[in-house]
Amino acid sequence: MQLRSFNPPPRTLMGPGPSDVPPRILEALSRPTIGHLDPAFIGLMDEVKELLQYAFQTKNALTMPVSAPGSAGMETCFVNLVEPGDKVVVCQNGVFGGRMKENVERCGGIPIMVEDTWGEAIDPGKLEDALKSHGDTRIVAMVHAETSTGVQSDVATLVKLAHAHDCLTIVDTVTSLGGTPVKMDEWEIDAVYSGSQKCLSCTPGLSPVSFNERALEKVRQRKTKGHSWFLDLNLVMSYWSTGAKRAYHHTAPINALYALHEALLILKEEGLEKAWVRHRKNHLALRAGLEALGLTFIVKETDRLPQLNAVTIPQGVDDAAVRGRLLSEYNLEIGAGLGALAGKVWRIGLMGHSSRAENILLCIGALESVLGEMGAEINQGVALPAMQQALSR
Ligand SMILES: Cc1ncc(COP(=O)(O)O)c(C=O)c1O
């Protein structure tokens, strides 16, 4: 086989992430690599921290990107905050709550599962019952935006409940950050993590995290060393702390951080509130088109994420064949169902730079053509006008 440089095919990314990366970010990524202790690079790191504080709406000093994808942000929170024997309530309403449970177990903690139906928001009443039954719980963990179903939970209320029972909180905002409000300080979240490749529209591989003083105090007071050297915040902070003399911890992914800086700058220039409004407006247009086709959402409107639209696959339709044709004929990627929803739903993402009118037009038009040609029972000729009408509002 003759090996050549890899040139990816052109794609429109409307799955559960990664999202389309704008040319401005790709250009930033290709700038010359400099040393990771170069004063110019350290200046960039300080700006990345400041921009992340804006994105998370926090003043927390410990706000920085972990040099690995969202799963590493998740591990950073658990490895640093959970000690052997700690009881951790994990609210699970989809795939990612299950990964939190795994993390608790691997840290030697005791997970107490509070389970809700997939596609429904986390029920504060169930959390309260669990906290009453387990008075010695130390931490409550939850996913703000469940990417496996497209549901959003009321983090502000859940965090308040956890604090009333003297627990710290860990919140997954991988899919929410930049797409729907995440207000770390106002909601008093103790530890949060996210990902670069969803509504920030950066390349995958970085995980912004933020810890408040209460969470950091728990990290400092640990009786045992966490089992990960790489993710130990006591060590990582010697490289990321603002102003202080930086000590080598690991070689930062320098060019990836140029890209994240550019992505966060784009978000700052647009403004968080405007980004949230754009995601909502485009969701309404996509919804109008999908519902006009005859497809149904699995999450009720009030709990739905605008950036992740999960719809039921019509009866008798071959899931993989549809996604395959969208990719090969239209260069369009939509997401398959995950876990218990595999083969049952499609997950259509409108995240970050992917949340644009032209993408919605392509998606609705392509779906109508492919489903129509495959003989699916859909309504023909009404979806594009419905979508266009919603966009013009
Ligand atoms: C809610 C949620 N948490 C965690 C992750 C893990 O992130 P990554 O795939 O970047 O490791 C994802 C990825 O899709 C996610 O959607």
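Residues numbered from 1 in each chain as written. Predicted model: local features only at pLDDT ≥ 70, side-chain atom pairs only at ≥ 80, totals over all residues. Heavy atoms only, no water.

A. Summary view of a nonpolar patch on the surface. Side chains of Trp 229, Phe 230 and Leu 235 sit close together on the surface and give an oily, nonpolar patch of about 280 Å² of accessible area. Examined against the element boundaries, Trp 229 turns out to sit in the loop between helix H7 (213-220) and helix H8 (233-240). (Patch = residues over 30% accessible without salt bridge, like charges linked within 9 Å, V, L, I, M, F, W, Y side chains within 5 Å. Areas by Shrake-Rupley, 256 points an atom, 1.4 Å probe, with all protein chains shown as cover. Salt bridge = Lys/Arg side-chain N within 4 Å of Asp/Glu carboxyl O. Helix = DSSP H or I, 4+ residues; strand = E, 2+ residues; numbered from the N terminus.)

B. The environment of Ala 263, seen in detail. Here Ala 263 is to be found in helix H9 (residues 254-270). Judged by its relative accessible area of 3%, Ala 263 falls in the buried class. Note: C-alpha distance between Ala 263 and Trp 229 (34 residues apart in sequence) is 29 Å. Beyond its immediate chain neighbours, meaning those up to four positions away, Ala 263 contacts Ile 25, Leu 200 and Cys 202. (Buried < 20%, exposed > 50% of the residue type's maximum accessible area, 1.4 Å probe, protein only. Contact = heavy atoms within 4.5 Å.)

C. Layout of the site of the ligand. The ligand sits among Pro 69, Gly 70, Ser 71, Phe 96, Val 143, Ala 145, Thr 147, Asp 172, Val 174, Thr 175, Gln 197 and Lys 198. With respect to the ligand, the side chain of Thr 147 contributes an N or O atom lying 2.4 Å from an oxygen atom. With the chains in place, 86% of the 390 Å² that the ligand exposes on its own is no longer accessible. (Near = heavy atom within 4 Å. Polar contact = N/O pair within 3.5 Å; in protein donor to acceptor, adjacent residues only side chain to side chain.)

D. Spatial organisation of the environment of Pro 84. Residue position: Pro 84 is located in the loop between helix H3 (70-81) and strand S3 (87-92). By relative accessible area, which is 53% here, Pro 84 ends up exposed. Residues Pro 84 and Asp 185, spaced 101 residues apart in sequence, show a C-alpha to C-alpha distance of 28 Å. For Pro 84, the contacting residues outside a window of four places in its chain are Cys 107, Gly 108 and Thr 224.

E. Region of interest: the sheet that holds strand S1 (residues 12-14). Strands sit in the order S1-S12-S13-S11 across an open sheet of 4 strands; the sheet is mixed. Every other strand in the sheet has two partners, leaving S1 and strand S11 (308-312) as the edge strands with one partner each. Neighbouring strand axes in the sheet, compared pairwise and without regard to direction, differ in orientation by 30 degrees on average. Note: S1 against strand S12 (residues 332-336), 3 bridges, orientation parallel. By the bridge assignment, Leu 13 is partnered in S12 with Glu 333. Along the sheet, helix H12 (residues 357-373) contacts S1, S12 and strand S13 (345-349); its crossing angle with S1, the most-contacted strand, is approximately 85 degrees. (Pairing = 2+ DSSP bridges. Axes fitted to C-alpha atoms, helices over the stretch in contact; angles between N-to-C directions.)

F. Representation of the sheet that holds strand S10 (residues 207-211) within the structure. Here 7 strands make up an open sheet; going across it, the order is S2-S10-S9-S8-S5-S3-S4 and the pairing mixed. The sheet is open, and its two borders are formed by strand S2 (62-66) and strand S4 (110-115), each paired with just one other strand. Sheet twist, expressed as the mean angle between neighbouring strand axes with direction ignored, is 15 degrees. As paired strands, strand S5 (residues 137-143) and strand S8 (residues 168-172) are joined by 5 bridges and run parallel to one another. Residue Ile 139 lies in a different strand from S8, and its bridge partner there is Leu 168. Running over the sheet, H7 touches S2, S5, S8 and S10 and is turned about 90 degrees from S10.

Read these as layout, nothing more, since geometry by itself doesn't imply function.
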